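Fold and contact review
Each chain, letter by letter, is given below.
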Amino acid sequence: MPRIYCSLPLSEGALVVLDAAASRHVQVLRAQPGDALTLFTGAGGQWQATIERMGRSEVTVRIGGFEPLEREAARPVHLACGMPANERMDWLVEKATELGAVRVQPLHTAHSVLRLSAERAAKKQQHWQQVAVAACEQCGRNRVPTIEPVRTLSAWLGSAEAQAPAAALRCVLSLAEGARPWGELLRSATATQPVWLLSGPEGGLSAEEDAQARAYGFVPVTLGPRVLRAETAPLAALALATLG
């Protein structure tokens, strides 16, 4: 049964004209009146629905029952990452969504290859949010992770978003000597302990940025002796945190 994200409020028995994006999705699937759909709003749970009418540019559905189904990871992970170049950030957002990240913060850092003007950054944020929506439709999540506006690392570290609750783990992937093995740190934590995870771009964080993150309470962690790509390292760390 197709899963469709719907930005509208839903209630059992209601006759709803889907928003433009959801209508296009249903039309692309070549669905017909009488076909069943699963709808989710991103706020948790999902709704069963039946197509009532296929118009030229809009689709009308009848909302059925609500299912309080959740597929979230036990450990919430907030991922902040230096943006990798080209289409790799799209891939990172998609896979981070599949792996259970609850928030993704794209960052400009000293070694970042991708540099975005304010206008382009806003458009990219909207694009990446849609990538996350599509990933939720595919993987079965009913809560869509938030893709934050692009920020500099310094601005983010000093913001409220980076100030995790006292019980959370704040960690930075680091190549510096003395970094603690990531798996070891996770084993010492509880299964539901929130994580704020910071990762660099191609070339990693600069020594100054690494030191700045530590000054804000981020513990340096390592994934092992091999140097992983900018889009691979945070996903490997995320998989250990949410699937391990």
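Here's a quick rundown of the structure. As the structure is a computational prediction, the values presented were derived from the model and not from experiment. Per chain, the residues get numbers from 1 upward, laid out in the order the sequence is written. Predicted model: local features are reported for residues with pLDDT of at least 70 only, side-chain atom pairs are reported and counted for 80 or more only, and whole-chain, interface and lining totals are derived from all residues. Derived side-chain values reflect all non-hydrogen atoms in the structure, with water molecules and hydrogen atoms excluded from consideration.

What follows is about the environment of Ala74. Only DSSP runs of H or I covering at least 4 residues are called helices, and only runs of E covering at least 2 are called strands; the numbering of each starts at the N terminus. Along the chain, Ala74 turns up in the loop between strand S5 (59-67) and strand S6 (77-82). As a C-alpha pair, Ala74 and Arg103 span 29 residues in sequence and 15 Å in three-dimensional space.

Our focus in this paragraph is empty space enclosed by the protein. Computed over the protein atoms alone on a 1 Å grid, cavities are sets of points where a 1.4 Å probe fits but cannot get out and pockets are open sets with protein on both sides within 12 Å along at least five of seven lines; a residue lines them when it has an atom within 4 Å of a point. Grid points are joined across faces, edges and corners, and a volume is the space filled by probe spheres set on the points. Scanning all chains against the criterion turns up one cavity of 30 Å³ or more. Each pocket or cavity is described by its volume, and for the largest cavity that value is around 50 Å³. In terms of lining, the largest cavity is formed by His78, Leu79, Ala80, Arg103, Gln105, Trp156, Glu161 and Trp196. The element contributing the most residues to the lining of the largest cavity is S6, with three residues. Under the convention adopted here, Pro, Cys and the residues Ala, Val, Leu, Ile, Met, Phe, Trp and Tyr are nonpolar, Asp, Glu, Lys and Arg are charged, and Gly plus all remaining residues are polar. Residues that form the lining of the largest cavity fall into these classes: four nonpolar, two polar and two charged.

Computed from the structure, the largest pocket encloses a volume of approximately 550 Å³. Along the walls of the largest pocket sit 29 residues, with Leu173, Ser174, Leu175, Gly204 and Val227 positioned nearest its centre. The set of elements that each furnish at least two residues to the lining of the largest pocket consists of helix H6 (207-215) and strand S13 (219-222). Per-class residue counts for the lining of the largest pocket are 14 nonpolar, eight polar and seven charged.

With that settled, the discussion passes to the nonpolar core. Counting residues in each nonpolar core, the largest one holds 38 residues, and the members touching the most others are Ala96, Trp128, Trp182 and Leu197. Elements supplying a minimum of two residues to this core: S6, helix H2 (88-99), helix H3 (118-139), strand S10 (169-173), helix H5 (182-188), strand S12 (195-199) and helix H7 (233-243). Broken down by element, the residue count for this core peaks at six residues, all from H3. Residue contacts follow a heavy-atom distance rule, with two residues in contact if any of their heavy atoms lie within 4.5 Å. Ignoring sequence-local partners within four residues, the contact set of Trp182 consists of Cys171, Val195, Leu197, Val221, Thr222, Leu223, Ala237, Leu240 and Ala241. Throughout, nonpolar core names a set of buried Ala, Val, Leu, Ile, Met, Phe, Trp, Tyr and Cys residues whose side chains join them through atoms within 4.5 Å. Between buried and exposed lies partly exposed: a residue is buried under 20% and exposed over 50% of the maximum accessible area for its type, with that area taken using a 1.4 Å probe on protein chains only.

The next point concerns the packing of aromatic side chains. Two aromatic rings, drawn from Phe, Tyr or Trp (for Trp, its six-membered ring), form a pair once their centres lie within 6.5 Å of each other, and the interplanar angle then sorts them: stacked below 30 degrees, edge-to-face above 60, tilted otherwise. Inspection of the entire model under this criterion finds three aromatic pairs. Ring plane angle 55° and centroid distance 4.8 Å describe the contact between Trp47 and Phe66, whose orientation is recorded as tilted. Pair noted here: Trp47 is in strand S4 (residues 46-54) and Phe66 is in strand S5, with a separation of 19 residues, a long-range link. For Trp47, a relative accessible area of 14% gives the class buried.

At least two bridges found by DSSP between two strands are what make those strands a pair. Reading across the sheet, the five strands line up as S1-S3-S4-S5-S2 and stay open at both edges, with mixed pairing between neighbours. The open sheet is flanked by strand S1 (3-5) and strand S2 (15-17), the only strands paired with a single partner. Averaged over all pairs of adjacent strands, the angle between their axes in this sheet comes to 40°, without regard to strand direction. Relative to S5, S4 runs antiparallel, the two being bridged by seven bridges. Following the sheet pairing, Ala49 is matched in S5 by Ile63. Whenever a helix is involved, its axis is fitted only over the stretch in contact; in every case the axis is a line through C-alpha atoms, and angles between N-to-C directions fall within 0 to 180 degrees. Sheet strands in contact with helix H1 (residues 20-28) are S1, strand S3 (36-40), S4 and S5, and its direction is about 155° off that of S1. Contacting S1 and S3, H3 runs over the sheet at an angle of about 155° to S1.

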